[in-house]
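# Fold and geometry: a report
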Amino acid sequence: MTGARTSEKSRHQHPDTRKPERKAIVHRAVRVTVAASAGFYPLVYGLHQPSMSLYALFGPVALGMLSPIPGSGRQRAAVMLRALPVGLVLVALGTALAVRTWAAVLGMLVVGFTLAFAAVAGPRPAGAAPGLQLFYILACFPPYAPETLGARLAGLTLGVLLLAACEVFLLPAPPTASYRESLAYAVEAAGRAANEAAVSSAGSAGTTTSDTGPRHDAPGGPGDSPPGSPADKPVDSWADRLRATGQQLRFSQLPPAERPAGAGRVDRAMAQAGTATRTLLDQLARLGGPAPTATTRNSADADAASADLLSRIAALCAATAEALRTGRPQPLPWSMEQAIRDFQAVRVRQATGPPQAVPAVPELRRQAAVLGMAESARMLETAVRVGLDGRRTGPIPPRELFWYADSATAHLWWRRLVGNMTLHSVQFQNAVRTALGLGAARLVAGSLDLTHGFWVLLAVLTLGRTTAGETWAAVRSALVGTLVGAVAAGTLLLVLGRHTEAYAAVLAPGMLAAFALGPLLGIAWAQALFTLVVSAAFAQLAPASWQLAEARIVDVVTGSVIGLLCGLIAWPAGARREVRRAVAGLLDSYGPLITGTVGALLANPPGSAPLPSTYPTMHRLRLAETAYAQYRTEPGEHSVAHADWQAVLITANHILVGSRWLPRFDLPPVGVTPEAAVWARTSADRLALTTARLAALCAGRRPPPEPSPPSAPHSPAEVPGAPPLPMLIDLEVWLSSLTMELRHIERSVPPLRSSTPKTPSR
């Protein structure tokens, strides 16, 4: 029954990684065994309370072994104590609905869906859900005995309290680094990198030369040395360290208990702070090493402005890291938003001055990169303030990205629930599959009047997986293990007869072996040993014969067949198909957001056009993130070639942020020239066509033809007439970086079987 997925995963891990995991499994087995034994034995042999002892036994088993509650000992104990009232309600509900099979089935459908759907609330509610399911399952089976409700509730309360005490005092799981600590470390690294870049820019501003040397006019901006050049190697090492630091904030790299995955304001703010930090680290890595030497006095002034803004970014990061560690944000004597506006004013003044006073294009592009970093730092600091305070605030601009700050807590949860109430949500699919399996199992067990019919539902609950193939693999192993365990249990029952003291002697060591060896050795061992455990337990509560083992086989086979059929009927491919569909929908939402943002920037008079809605992209991003997270947990699929789904998610955040900060800080003082507007619209339209092609490729559809080569200039620097405004340079850097990201994604998409898609032209 227990921990089969753990063993499947651990077989592919490095020995150094598996050793701490084995130790944690053994410690957990000891805690659950002690808690279950401390409640079961006194109630059976001291107070002679069979109903109470049954729930005192299965309370620790359900929340300790069946429920993968993450975190340290104290964190797990806190989750168990919060789950206890819910468990008591479920036991009372099951006891009441056991009066009729149809009532118990309807209750099982509702309870099964609700608890499985609790995964949308984060890893801790999702971890406790299977154990809570078991509490209803135990209570909803005959005999209908409402007079035993008090004993059942008392036994469950005792068992959970004993388990919580063991989690805290008996071989407790050690705490891990908190998310705030990990975030503070990454923010500090970003601050140091920004300070180094500021020193480099300040040094460049203090020196000018007439020898321009090699120019870095690529759209990526200054500092992009040719690959393989000697000067490139230390820059790559520096950039790789920054990117590696950012990767540590990915949810897949964090302990489940520390992931800010909830729907509340604090979790949303901290998750956004992590995304902003990763973006900032990546921007600093792409900025490169030393700033290019200033070629004119105007370029030196541009570098001085960049150095000042970079130093403010470094100071903001240092203050934010300290706030994360102390939990108390300290006010700064200046505002990053005002610093950004001052920086933009300097750039506009330089760009609209005499042509000979305009900085060179590489310096303009470096300024655009620094501006993007400043906005990332502003979003980071704002999100951290909201997360540390936790209270509802006034509207924070841009409101579309900080919409949760001034929303009521009830609205935040309602939006999370409604957003996942769709057939395209993998969490909704999992909840429906679980509810159908448990409801069908309860109907079959009740209609056939199976002995110990709750074992049917327990088999569905423990053997069900998100893909039909994985479910079949689990069922095969479980059936073998159950058969072996049933033979051993039948032999034990025949030999020991009604000597309950012998079963009492077998139960505790059996639980320790089952809870320790089952997760380590796999499903077959888990089912075999657990069959012995339940046989020894039930033989102490009522006279039992070898037919108990026979009932165990029948129930597990019945539950396995039902679970397998539900897995074949309800989304048998798991997240493999859904992640393609979700990513394709996300890519489809890119085009209108990109073209709408460019249209808002080009509006005449400036600021007169409405901004495009970000809701479609944000909603589809959430669905794609959950589908991708589940896809990563499904074994056997990652050897198949697939697109870089993670890159698609990163690009979505890049588009969302750019669609708001460009119109916020980059509206031109006057309308742009017609030639520049043609370049901007053409570039945006081509990028939108690229996203449509990628969406078709990810969905397995025939992609539309590539657009014809542009007749407009490739860069605002090539537009004849006046020097490019800062808005055009910033827009160019944004569109160019998106183009490079989308090209990477398209290269990762496997070709269609009938033809190979072409690479989009430049």
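For the structure, see preceding data.
In what follows, the accompanying structure is described. (Residues numbered from 1 in each chain as written. Predicted model: local features only at pLDDT ≥ 70, side-chain atom pairs only at ≥ 80, totals over all residues. Heavy atoms only, no water.)

Along the protein, the regular secondary structure elements total 25 helices and 0 strands. Buried positions account for 54% of the 762 residues belonging to the protein. The long-range share in the protein, meaning contacts at least 24 apart out of those at least 6 apart in sequence, stands at 83%. When the accessible surface of the protein is summed, it comes to about 31500 Å², and 62% of that surface belongs to carbon and sulfur atoms. (Helix = DSSP H or I, 4+ residues; strand = E, 2+ residues; numbered from the N terminus. Buried < 20%, exposed > 50% of the residue type's maximum accessible area, 1.4 Å probe, protein only. Contact = heavy atoms within 4.5 Å. Areas by Shrake-Rupley, 256 points an atom, 1.4 Å probe, with all protein chains shown as cover.)

So, about the packing of helix α21 (residues 575-602) against helix α24 (residues 674-698). Two numbers describe how α21 lies on α24: the axes approach to 8 Å, and their chain directions differ by 175 degrees. The orientation of α21 relative to α24 falls into the category roughly antiparallel. Its residues assigned to classes, the contact of α21 with α24 shows 17 nonpolar, 3 polar and 4 charged. (Axes fitted to C-alpha atoms, helices over the stretch in contact; angles between N-to-C directions. Parallel < 35°, antiparallel > 145°, perpendicular 65-115°, else oblique. Nonpolar A, V, L, I, M, F, W, Y, C, P; charged D, E, K, R; others polar.)

Its place among the elements puts Arg250 in the loop between α9 (232-247) and α10 (265-287). Buried charged residue Arg250 carries no salt bridge. Nearest counter-charge: Asp644, at 7.3 Å. For Arg250, the residues in contact, after removing those within four places along its chain, are Arg278, Tyr628 and Gln646. (Lys, Arg positive; Asp, Glu negative; His and termini not counted. Salt bridge = Lys/Arg side-chain N within 4 Å of Asp/Glu carboxyl O.)

Counted according to the given criterion, the structure contains 19 salt bridges. Residue Asp282 pairs with Arg243 through a salt bridge whose shortest N-O separation is 3.1 Å. In this pair, Asp282 is assigned in helix α10 and Arg243 in helix α9, connecting sequence segments 39 residues apart. Judged by relative accessible area, Asp282 falls into the partly exposed class, the value being 27%. What makes Arg243 partly exposed here is its relative accessible area of 32%. Glu337 serves as the salt-bridge partner of Arg664, at 2.2 Å between the closest nitrogen and oxygen. Linking Arg664 in helix α23 (residues 645-665) with Glu337 in helix α12 (residues 336-351), this pair joins segments that are 327 residues apart in sequence.

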